[in-house]
Amino acid sequence: SLRESEERFRQVVENIEEVFWMTDLEKNRMLFISSGYEKIWRETRESLYSSPRKWIEAIHPEDRERVLRDALLKQTSGDYDEEYRIIRSDGTLRWIHDRAFPVRNAEGIMDRIAGIAEDITGRKEAEEALRLRSSQQGALADLGRRALEHRDLGELLDYAAALIPRILGIEAVGE
């Protein structure tokens, strides 16, 4: 019965896109890592079993300190819920949503940390596209208002030229 239960568990976690992981409390030993790690991080699970903190190396330098601090401080309390970027070995950037919670043994003593990490890059790209579109629409609305308010064509053309980078979603030279 226990063997069948373990087999069902493995079937589930090996067939989901997310990364299911489990470590000891000190984060010194990887107890389990699903195949999703290889798909998202593009690193082998064996590399993580031999070096349990290897996943941290891929975290974007601007996010690394925060994520490591929060992993060590918040996972045992169940308050770990982080979004961060990783840079794969091929240079591609992915956004990760990582959550963790303590696991207690039969006596109620916390003895492991389990978590789920998922690739949310598609969502982040969609959010950025919406932000850009909103900015572009705002710039066009500003231009329309200016056109109605000003009769000076030269001033209006200067203003329109200044808005072009914002409308196109690029940074102006010198920004």
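Within every chain, residues take consecutive numbers counted from 1 along the sequence as written. Under the rules for a predicted model, residues below a pLDDT of 70 receive no local features and side-chain atom pairs below 80 are neither given nor counted, while totals for whole chains, interfaces and linings still include all residues. Only heavy atoms go into the side-chain values, all of them from the structure, while hydrogens and water stay out.

## Focus on the overall build of the chain
Each helix and strand in the chain was counted, giving seven helices and five strands. Secondary structure elements in the chain, listed N-terminal to C-terminal, are α-β-β-α-α-α-α-β-β-β-α-α. Each residue is assigned to one of three classes by its accessible area relative to the maximum for its type, calculated with a 1.4 Å probe on protein chains only: buried under 20%, partly exposed between the two thresholds, exposed over 50%. In the chain, buried positions account for 30% of the 175 residues. At a minimum sequence separation of 6, the contacts of the chain that also span at least 24 residues come to 40%. Only the protein chains shown count as cover for residues, with accessible areas throughout obtained via the Shrake-Rupley method and a probe of 1.4 Å. Within the structure as shown, the chain displays about 11,200 Å² of accessible surface, and the carbon and sulfur contribution to it stands at 52%. Under the DSSP-based scheme used, a helix requires at least four consecutive residues in state H or I and a strand at least two consecutive residues in state E, with every element numbered from the N terminus. Here a residue-residue contact requires only that any non-hydrogen atoms of the pair lie within 4.5 Å.

## Some points on the pattern of salt bridges
When the charged atoms of two side chains with opposite charge come close together, those side chains can pair. Should a side-chain nitrogen of Lys or Arg be within 4 Å of a carboxyl oxygen of Asp or Glu, the pair is scored as a salt bridge. Inspection of the entire model under this criterion finds 17 salt bridges. Note that R66 is salt-bridged to E82, the shortest N-O span being 2.6 Å. Of this pair, R66 sits in helix α5 (residues 61-74) while E82 is found in strand β3 (residues 80-87), placing the two residues 16 residues apart along the sequence. Residue R66 is classed as partly exposed on the basis of its relative accessible area of 26%. One salt bridge in this structure joins E83 and R123, with 2.5 Å as the shortest N-O distance. Separated by 40 residues along the polypeptide, E83 in strand β3 and R123 in helix α6 (residues 121-149) bring together distant segments of the chain. Taking the relative accessible area as the measure of exposure, E83 reaches 27% and is therefore partly exposed.

In short, the description is geometric, and any link to function would need to be established separately.
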